[in-house]
Amino acid sequence: MLRRSLCEPIFNLAAVVVVICLTTTQAVCQEMLLVELRNGMQLGPGTVEPTDTVSTDSMQKGTSGEVISKPIDVLNDGLRRTYYNASPRNVINSQVVAPDQSTKIDFAAASEANRTSGIQSFRAIEQISKFNRNGRRTLTCRLADGNTMVALQQITQLTPQYAKLEILRGSDQRLAWESREAISSIPAEELQLVLENALDLTRSSEWLRMYAFYLEAKRYRDARRTIEEAIKRFPAELGGRAQLIAQTEQLLATQQFDEISVRRQAGQTQMAYSLLSAFPRELIETQLKVKNELEQLSRTLVTIRSVTQSLRERLDRLPAPDQEIAGPLVEELLEEISIESAVRLDDYIRLGGDDSLANENLVAMAIGGWILGPGSGIQNFAVAKSLIRVRGLVGDYLREPDASRREAILGQIRSQEGAEPQLLARMLEHMKPPLDLAEHQPSDAEGFYRQSVTVGRQPTEYTIQLPPEYDPLRKYPCVVALPGSLNEYRLSIPIDYWCGQTMALEESQARFGQATRHGFIIICPKWMSDSQAAYAYTEVEKARVLACYRDALRRCSINTDRAFIAGHFEGATAAWDIAQSHPDLWAGAVLISPTADKYILQYHQNIQSSKDAAELPLATYVVYGQMDGVRLNTPAIGTALDRYLKSFNYDCMVVEYIGQGRGLFSAELPRIMQWMQLSSRQRQRTPRTINCVSLRPGDRFFYWLEAPQLAPENSSNAIEYEPSRDAARKGAFEATLLGPGQNGVRVQKIPSADRSAWVWLTPQMVDFGREIQVVFRSKSSKVTLSPDISVMLEDVRQRGDRQHVFWQRLKLGGKG
């Protein structure tokens, strides 16, 4: 759990007078729905109503009696409202579920709540106490005039999903305010005290209510403890309910098994195996699942031991010169092979017992699989030896800072038999990162590293948190998490938010948060200057973020198809701008309490799909508090989000926490992680159509189309940006991949200074074995191009992406 002052709601109403009188009444007999969106996300159960806007600005809402379309649906699950596009093409399934009959516990103190409309202006909530046994806590609010007010907040209702909170009447309480807080955000010991005090535990029925509450909240350990204590206290009345203990144990076991599966899928095999081995064997229903999982892991380990033994024996049979070349690679394989990387040897495992194949062919097969991945088909030992040399030289090239030395290394690579573009692309994808991480500091958490990269001759710091059992041979999803301030960077708030705070574990410090569980790498750049307080939309801020990400790609094994950018507060604003400026880099953007201004309002089409596009565009997940003062008083935020939500061509969800202010919303993280792991959450690599705009010199590369330099008439200065003057200066990037029959590209618009363009090509875009048709400025021509390993290597060296490599580039127009 985050530091308490940070995980609770944070209000920042900017001294604006706000009426804080919330109502959450719902129409009687509203149906409870489960909703499935086209991206695979499931929402609900909750009530669904249409709306014409997500904005809090009354000027953007339809007036009374006005007939207006309502293209946005909002699902209310009691804790939050989720806004999404209501088009039938976006909502692929919506089904009615049984009415909510979950356990609800009402508090008598609800009658003391202040429900009279009150007007109050305040800047922030500075301090929040713990809940006492009566379900009360105090809030210290700083008013607009600099004075403070202490408000007493009371839980008036508990449900398994959330607590309803209201302000109690009193001389210092001058507001009526109802909010909701997730049960998962309330510490277990505080919740237990509140429940024990709210229920009459002299009655067995109340113990059963508490048991049902915990059960529905999926707190199975607490449920088991409660029913055991209840039966102990009321043996005559509840003695016949002993089967509930076994049923709860079964639910707990299923929950534990699901957690083991999460860890296993995240590559944390040792932890999964350890947990499986210690799994309670007396639980009959889960025993078979546990047994099968253990047997599968055991068979894999036996296979790996058998493969390593046979490969060592085959290496010993090779002639001494061949052993000298292949020996280090085979020793590396034997030392580093794991359950995750064993798939590389599928060909060798399948054919290793075939006596008709020569010994050197089988060794070549293992070497080829280790270097190129499964299905490499390498049996020629001469080619395998060449691949070993090429891989070493490629690593040298990617690490070498001197251009003349890189050119010499490139010459050596070209002379090798294994230096074919097809082989090089596979080799790059399966290599370990070319650069090492900084030395780990003993005082830091396990997997936490402090790094630095040079940006414009100035060092920029960033931190990395690796998941448990990190293996550089496995590709990990990643979040580039931008802090909201310099102090938050220094305190590692983004790392704590995503990965959990450090906890003592034997002789080390470990984290157990959501990103840790699911095997994500978290990168936290120091993107602000030392005197900076807000995002300024400048090139240097973006350069710091992108430089840190690309440096991390050179040091960590990151799945670039599943890289997300995220942030909160000012960091969320920066992430929003960078997501739209560089949509080709990200699988999605998570924006928690952002603002919106300048280029965010102009670049929306950069994350919009074309009408005929089959693939989903870059997705956005936005989280706010209903009473976020910044959002309430910044109409541009509503304008930007309405544009997303009203069109089927965007992939956007906006989550609004009922009654909450400006905060981090750590309770939303499990659902954010679910969203991030949808199969649809993949970066677009080579869309068939590019239709993007730019207003900054650095925003000149989109997917596979680049302007060498943005034309001055299309550029604006972030500090002096003026919408009425600069919005119309947007430069357009428009291009299309031609159909397979035409085999080429068409560039319709490019805002370059000399009217030239660079087109970066891959085999997925064009067939290099045929003439390539090029249409530029309405003129058509044909060119013959072959893949170039120098283009491939330089592309990887500069961008750091070893998964998606450009094989060739084509210059159109301009000079030369």
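What counts as what
Residues numbered from 1 in each chain as written. Predicted model: local features only at pLDDT ≥ 70, side-chain atom pairs only at ≥ 80, totals over all residues. Heavy atoms only, no water. Helix = DSSP H or I, 4+ residues; strand = E, 2+ residues; numbered from the N terminus. Rg over C-alpha atoms; globule rule 2.2 N^0.38 Å. Buried < 20%, exposed > 50% of the residue type's maximum accessible area, 1.4 Å probe, protein only. Contact = heavy atoms within 4.5 Å. Areas by Shrake-Rupley, 256 points an atom, 1.4 Å probe, with all protein chains shown as cover. Phe/Tyr/Trp six-rings, centres within 6.5 Å; stacked < 30°, edge-to-face > 60°. Lys NZ or Arg CZ within 6 Å of the ring centre and 35° of its normal. Pairing = 2+ DSSP bridges. Axes fitted to C-alpha atoms, helices over the stretch in contact; angles between N-to-C directions. Disulfide = S-S within 2.5 Å.

**Q** Where do I start with the overall build of the chain in this structure?
**A** Looking only at helices and strands, one finds 25 helices and 32 strands in the chain. Here the chain has a C-alpha radius of gyration of 30 Å; the compact-globule value for 816 residues is 28 Å, and the two agree. Projected onto the principal axes, the alpha-carbon positions of the chain cover approximately 85 × 70 × 50 Å. A buried classification covers 57% of the 816 residues belonging to the chain. Look at the contacts in the chain between residues 6 or more apart in sequence, and 67% of them connect residues 24 or more apart. A total accessible area of about 34,700 Å² is found for the chain, and carbon and sulfur atoms account for 48% of it.

**Q** I'm lost on the packing of aromatic side chains in this one. Help?
**A** Two aromatic rings, taken as a pair, are described by how far apart their centres are and by the angle between their planes. Tallying each qualifying case throughout the model produces 18 aromatic pairs. For the pair tyrosine 535 and tyrosine 537, a centre-to-centre distance of 4.7 Å together with 50° between the ring planes defines the contact as tilted. In this structure tyrosine 535 comes out as buried when scored by relative accessible area, which is 7%. By way of ring pairs, the aromatic residues Trp527, Tyr535, Tyr537, Tyr599, Tyr603 and Tyr721 are connected into one cluster. For the cation-ring pair, arginine 38 lies above phenylalanine 648, with the distance from its terminal atom to the ring centre recorded as 4.1 Å.

**Q** Looking at this model, I keep getting lost on unusual backbone geometry. Mind explaining?
**A** A negative phi holds for most residues other than glycine; trans holds for most peptide bonds. Along the chain, glycine 44 connects to proline 45 via a cis peptide bond; the corresponding omega equals 5°. Inspection of the secondary structure puts proline 45 in strand E3 (residues 42–51). Residues other than glycine seldom take positive phi values, yet glutamate 469 does so here, at roughly 60°. Inspection of the secondary structure assignment puts glutamate 469 in the loop between strand E15 (458–465) and strand E16 (476–482).

**Q** Looking at this structure, how should I read the sheet that holds strand E27 (residues 731–737)?
**A** Sheet strands pair via backbone hydrogen bonds, and the direction of the pair is either parallel or antiparallel. Read from one edge to the other, the open sheet built from five strands follows the order E24-E27-E28-E30-E31, with strand pairing classed as mixed. One side of each edge strand has no neighbouring strand; the edge strands of this open sheet are strand E24 (689–694) and strand E31 (779–783). Direction aside, neighbouring strands of the sheet carry axes that sit 15° apart on average.

**Q** Explain the state of the cysteines to me, please; I cannot follow it from the model alone.
**A** One pass over the full model with this rule turns up zero disulfides. Here cysteine 478 stays free of any disulfide, with the sulfur of cysteine 556 as its closest cysteine sulfur at 8.3 Å. For cysteine 478, a relative accessible area of 0% gives the class buried. Here cysteine 499 stays free of any disulfide, with the sulfur of cysteine 524 as its closest cysteine sulfur at 10 Å.

**Q** When you look at the sheet that holds strand E29 (residues 757–761) in this model, what are you seeing that I'm missing?
**A** Taken in spatial order, the four strands line up as E25-E26-E29-E32 in an open sheet, and their pairing is antiparallel. Two strands in the sheet have a free side with no partner beyond their single neighbour: strand E25 (701–702) and strand E32 (808–812). Here E25 runs beside strand E26 (residues 705–706); their pairing, made up of two bridges, is antiparallel. Paired with phenylalanine 701 across the two strands is glutamate 706, which belongs to E26.

Geometric descriptors of this kind do not, in isolation, establish any biological role.
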